[in-house]
Amino acid sequence: MAASSLSAKGQDPPRTWAAAWGALAAILVCAAPASAQIITCSFTEPFIRTFYDPARKTLTIIQDVDHRREVQRGITAETVSAVILELRNGKGEIVQRLEHSFRGSDGMSDRSYPYAVTWTPRDPTMPEILNGGCT
Amino acid sequence: MVFSLTWLADTLRAANLPVEEVHGWKNRGVGGDVTSAKGVVCHHTAGPLAGNAPSLNVVIHGRPDLSGPLAQLLLARDGTYYVIAAGRANHAGPGKWHEVTSGNANFIGIEAENTGLAHGPKADPWPMVQMNAYRWGVAAILRKIGAGASMCCGHGEYALPKGRKNDPSFDMDQFRLDVDACMSILGIGKVNNPLLQRPAPTMPNQQYVNGGVIA
């Protein structure tokens, strides 16, 4: 309260500016990792996890049963609306479509994930479509 | 902690089904117990094409983002039941079947080893011995808990929203008819040999494939 009074009276502008820049720096520091945050998606039957790295534009697919790992490159993220994010491959095809619905599910546990995801693997050894949950 | 479903292994053995008890199964569960089992949810693993029970380790232990057990039972391709947990398992997720909305708390989960695919390089027709064990095992469990064949559902039937899951890949209406027939036989004590090498009584000379039954 005292600091606020001082600023309002213009008696301590350097401290006010320092505080403002400090707050802005804090926001930027916190925001930077968020913008490059890896999106982790959980699927079951088959038991698979995917990890999207927006900085590297890679989608890493891990098959839990046989420990196979595949990395798909050139995957871009496109914000379609306030709640829809699409991951597309180099051909422009939708690979994963995420909806920020807080109704995502791994299909087996009772946990609700922030994002519900529909994945189209385009792989003859996989189901045509898989639904899952992402964080 | 010893959980409620400690009768699973004996019940399956009493139906003359091959059973392997996974070490520690009577003390294994996640999130509590299944104190009042109301039915069975049938699953397929959608796992690898090769091997008898390649998904067993994942179904027992889960993975970093999904705690195991992921079913109480795993049915291997040779018809063996691996008994994994006597407590609750993460197998059902959100859904509804006959007004039951808490599948993990109320249903026993059976994961059957199958890719779930009808076409392509991982096409995986259900072996007769495995399907027979599936029918007889479900029948024995339902009889034990005092439920009818209608309380056996597929994961795809249970899961909401509709279409979220598609397992198991066979026709569940036909499966329930087969289970009902098995329960009738179990009920009148004709289970000295559960016909493991023969088809279920309602469908002689037929074989299950993904998506249905062929003659």
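Below: a short report on this structure. (Residues numbered from 1 in each chain as written. Chains lettered and ligands numbered in written order. Predicted model: local features only at pLDDT ≥ 70, side-chain atom pairs only at ≥ 80, totals over all residues. Heavy atoms only, no water.)

Concerning the nonpolar core
Residues and elements named next belong to chain B. To keep things clear, this is the line we draw: The nonpolar core is taken to be a set of buried Ala, Val, Leu, Ile, Met, Phe, Trp, Tyr and Cys residues, with the residues joined through side-chain atoms within 4.5 Å. A simple rule labels every residue: compare its accessible area, found with a 1.4 Å probe on the protein chains alone, to the largest value its type can have, and call it buried under 20%, exposed over 50%, or partly exposed in between. A run of DSSP states H or I qualifies as a helix once it reaches four residues; a run of E qualifies as a strand once it reaches two. Both are numbered from the N-terminal end.
Formed by 51 residues in total, the largest nonpolar core has its most connected members in Tyr134, Val138 and Phe175. Listing elements by their share of this core, those giving two or more residues are α1 (8-14), β2 (39-44), β5 (73-75), β6 (81-83), β7 (107-112), α4 (128-145), β8 (152-154) and α6 (172-187). By residue number, the principal contributor to this core is α4, which donates 9 residues.

Some thoughts on the sheet that holds β2(B)
Residue and element names in this part refer to chain B. The following threshold applies: Paired strands, in this sense, are two strands between which DSSP finds at least two bridges. For helices, the fitted axis covers only the stretch in contact; all axes are lines through C-alpha atoms, and the angles between them, taken along N-to-C directions, range from 0 to 180 degrees. Pairs of residues are marked as contacts when any of their non-hydrogen atoms sit within 4.5 Å.
One open sheet holds the 6 strands; their spatial order is β1-β6-β5-β7-β2-β8, and the pairing between them is mixed. Bordering the open sheet on either side are β1 (19-21) and β8, each of which pairs with just one other strand. Between one strand axis and the next, the sheet turns through 25 degrees on average, direction left out of account. Here β1 pairs with β6 via 3 bridges, running parallel. Counterpart to glutamate 21 in the pairing with β6 is valine 83. Lying over the sheet, α4 contacts β2, β5, β6, β7 and β8, oriented at roughly 160 degrees with respect to β2. Contacts between α6 and the sheet are confined to β2 and β8, with β8 contributing the most and set at about 155 degrees to the helix.

Quick look at the sheet that holds strand β6 (residues 84-88) of chain A
All names here are of chain A. Overall, antiparallel pairing links the 9 strands, which are arranged β4-β3-β2-β1-β9-β8-β7-β6-β5 in an open sheet. Pairing within the sheet leaves two strands with one partner each, and these edge strands are β4 (68-73) and β5 (76-79). When the angles between neighbouring strand axes are averaged without regard to direction, this sheet yields 25 degrees. Relative to β6, β5 runs antiparallel, the two being bridged by 4 bridges. Bridged to threonine 79 within β6 is leucine 85.

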